[in-house]
Amino acid sequence: VRARLLLVAGLALLVAADLALPRLLNPYYLTILTRIGVAVLAAASLQLVNGFTGQFSIGHAGFMAVGAYVSAALSVYAGADWLAGLSGALPAPLARGLYFPLPLLAGGAAAALAGFVVGIPALRLRGDYLAIATLGFGEIIRIAILNVDSVGGARGFSLASPSQPGLDLRYEGLGAIYAVVALSVGVIARLVYATGGLAFRAVREDEIAAEAVGVATTRVKVEAFVVSSFFAGVAGALFAHSEGYVHTNSFSFIRSFEVVVFVVLGGLGSISGAILAATVLTAAPELLRGLGEWRMILYSLLLIVTMLLRPQGLLGQRELVPSWLRRAAREPHGAP
Amino acid sequence: VENFLQQLLNGVTWGGIYALIALGYTMVYGVLKLINFAHGEVYMVGAMTGFYVAHALGFASQPSLAGLFVTLAAAMLACAALGALIERVAYRPLRLRGAGRLAPLITAIGVSLLLQNAGQLVFGADPKFFPSIIESRELLRVGSIALSNVQVVVLVTALALMAGLEFVVMRTRFGRAMRAVSFDAPAAALMGVPVDRVVLGTFVLGSALAAAAGILVGLSNPKIDPLMGVMPGIKAFVAAVLGGIGNIPGAMVGGLLLGVVETLVSGYLSSTYRDAIAFLVLIAILLYRPTGLFGTPQTEKV
């Protein structure tokens, strides 16, 4: 019962936030908050592979790109008509709210499929060879998209539908975006901290020992990779639909490195650490904007110094979770 | 066929440059098991140093081989110092604290970002044109295949540096210490090898080679800017992995192979696929030989 109450309260809060925030904050802050949400989801999803399963992937941006482009293409080539139809029958915000999850799921599913296709061969490799192979796959995905003309190629891809010219396909409701992020992070946390999640950590700690006690290591690795790619795809889809424009340059290996930095700086094996690092490091360049051209220099110094001072990451393997959430996670579905 | 040979020639030249950068990656990896992502930026600083030295000493207006030699030496020295500085500030403190292998990876990314942004601040973000320290002319022409003196200089310099490196690694005390550390660092330390000094020396050598690569790129492809190290840095790393990372001849072969394949692809298919092909080749090779062309297979022990 309590869980249901929480859910209703949460939903009400979201609607209130979606209505109130655009009036309270200027669009600049809204954009930054949205980007933080995307970064948090990207970091949490990579943490599953890099932090919990111990497989080092540095090609996360490739899966974000798949999610971003597939969801954007869906919205532009089919979704716009559906949305226009829905808006005719329902009030516009409701129609948008109903349509919005669709591209996210499509983007996530496409990225998960890509993760499966990439993961099967790549996960045979170990250590640094796996890392460089994921980097390679990420870049191949990016360049492949760059050469597809129907999604704009080198011009980038705007979320503007040819059949519904006046329709805005962006979704800027901060409340809904954060709800998606929170739900996804929750799923990842449940996955790794449930009993079954021990398998991920067993593979990380000692693959041979894990195999010996009956963990299907290859299967666990592919599973982690596919789930991680799914949420990377959702993050990409969120990015595409909040910005309204995507370009392959946003998904180069530099973006992948950025996500790896979130994960390691936050602490490998700590979801809250990854969230913390993603938030701080996405906000920092904006907060430092007053410094002009010294901004990125200070940012990189900050990164180096933090890593030198806390080699194990900000939180190490610990989690920073309020106790009520911890309890809720342990007793799902309002158990007595 | 003639076009093919011409492309092959261009590819080998470009591959020599990749190989020089790849050597720095592979040597550092050999001794520290660290992917030094700041290496591409060292190469950029090398090209930039060359630009300023050549202008300051007047080689830009009076091309000569001696000028090239001086520029090369100056850039190599500057980058050797930079490499040593990076090692001391960003990697050694972590090593002494016994941090894992991932923390230095992040500081490497941090140093790389720092150098890119500092480069934009110091050198300016706009591309510069590297002075032609040696006059470009055609040396040889067979049918339609042209061999320019710049290509010869690039190839000869790259080969000479690689031969020099081979000598240092195989024939000197320092080289022997380096091989010992890369084989088993704790055991080498027990045998009295000064591991920290060897690591420092490795960074110095690798960074000097990257600087040379920067100058050679400046000669054959004169547009230079503070972000020029990003793509070649990653490609050279791919080259090092192709050959089997940690393996010096592997890096040379990997670099040459990558240069040739990339040039052929952009010549015959399309230059938009050029960046993808490096990674495709890499993945294809890794699937058949999971530790690269010359890598020793890792056996897992319980």
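All figures in this text were calculated on a predicted structure; none of them were measured in a lab. (Residues numbered from 1 in each chain as written. Chains lettered and ligands numbered in written order. Predicted model: local features only at pLDDT ≥ 70, side-chain atom pairs only at ≥ 80, totals over all residues. Heavy atoms only, no water.)

Helix and strand counts for chain B stand at eleven helices and four strands. Compactness check: chain B gives a C-alpha radius of gyration of 19 Å against a globular reference of 19 Å for 302 residues, within 12% of the reference. Counting every position in chain B, which comprises 302 residues, the buried fraction comes to 56%. Pairs at least 24 residues apart make up 78% of the contacts formed inside chain B by residues separated by at least 6 positions. Roughly 12800 Å² of accessible area belongs to chain B as shown, and the carbon and sulfur atoms make up 66% of that amount. (Helix = DSSP H or I, 4+ residues; strand = E, 2+ residues; numbered from the N terminus. Rg over C-alpha atoms; globule rule 2.2 N^0.38 Å. Buried < 20%, exposed > 50% of the residue type's maximum accessible area, 1.4 Å probe, protein only. Contact = heavy atoms within 4.5 Å. Areas by Shrake-Rupley, 256 points an atom, 1.4 Å probe, with all protein chains shown as cover.)

This part covers the environment of S136 of chain B. You can see S136 of chain B is positioned in the loop between strand 1 (128-129) and strand 2 (138-142). Once residues lying within four places of it in the same chain are set aside, the contact partners of S136 of chain B are N149 and V150 of chain B.

Moving on to the nonpolar core. Among the nonpolar cores identified, the biggest contains 205 residues, and L238 and F251 of chain A together with L20, F37 and L219 of chain B are the most heavily contacted of them. Once you skip the residues sitting within four places of it in the chain, F37 of chain B turns out to touch I58 and F257 of chain A together with Y25, L105, A108, I109, S112, I234 and F237 of chain B. (Core = buried A, V, L, I, M, F, W, Y, C linked by side-chain atoms within 4.5 Å.)

Before going further, it helps to examine the environment of A276 of chain B. As for its position among the elements, A276 of chain B is in helix 11 (residues 274-288). Accessibility expressed as a relative area gives 6% for A276 of chain B, which makes it buried. A C-alpha to C-alpha distance of 19 Å links A276 of chain B and V12 of chain B, two positions 264 residues apart in sequence. In this structure, A276 of chain B is in contact with I140 and I143 of chain A, ignoring residues within four places of it in sequence.

Here we come to the interface of chain B and chain A. The partner chain A presents 39 residues to the 47 residues of chain B that form the contact. Interface area, chain B with chain A, both sides summed: about 3800 Å², of which 80% is carbon and sulfur. Where chain B meets chain A, there are zero salt bridges. The interface formed by chain B and chain A contains four residue pairs in polar contact (both at pLDDT 80 or more). Elements supplying a minimum of two residues to the side of chain B that touches chain A: helix 3 (65-96), helix 4 (102-123), helix 9 (230-243) and helix 11 of chain B. Looking at the side of chain B that touches chain A, the element that brings in the most residues is helix 4 of chain B, giving 13 residues. Its residues assigned to classes, the side of chain B that touches chain A comprises 35 nonpolar, seven polar and five charged. (Buried area = accessible area lost by both parts, 1.4 Å probe. Salt bridge = Lys/Arg side-chain N within 4 Å of Asp/Glu carboxyl O. Polar contact = N/O pair within 3.5 Å; in protein donor to acceptor, adjacent residues only side chain to side chain. Nonpolar A, V, L, I, M, F, W, Y, C, P; charged D, E, K, R; others polar.)

Residue and element names in this part refer to chain B. When pLDDT is averaged along chain B, the result is 88; 98% of the residues meet or exceed 70. Mean pLDDT across the secondary structure elements of chain B bottoms out at strand 2, with 78, and peaks at helix 8 (residues 195-220), with 94. Reported confidence for the predicted complex is 0.87 by ipTM and 0.88 by pTM. (pLDDT = per-residue confidence, 0-100.)

Our next topic: the pairing of strand 2 of chain B. Residues and elements named next belong to chain B. With four bridges joining them, strand 2 and strand 3 (residues 145-148) adopt antiparallel strand pairing. Residue R141 lies in a different strand from strand 3, and its bridge partner there is A146. The hairpin formed by strand 2 and strand 3 contains two residues between the paired strands, and G143 there has a positive phi angle of roughly 60°. (Pairing = 2+ DSSP bridges.)

Among the secondary structure elements, S228 of chain A is positioned in helix 10 (residues 217-243). Each residue touching S228 of chain A, except ones within four places of it in the same chain, is listed here: S45, L46, L48, V49 and H60 of chain A.

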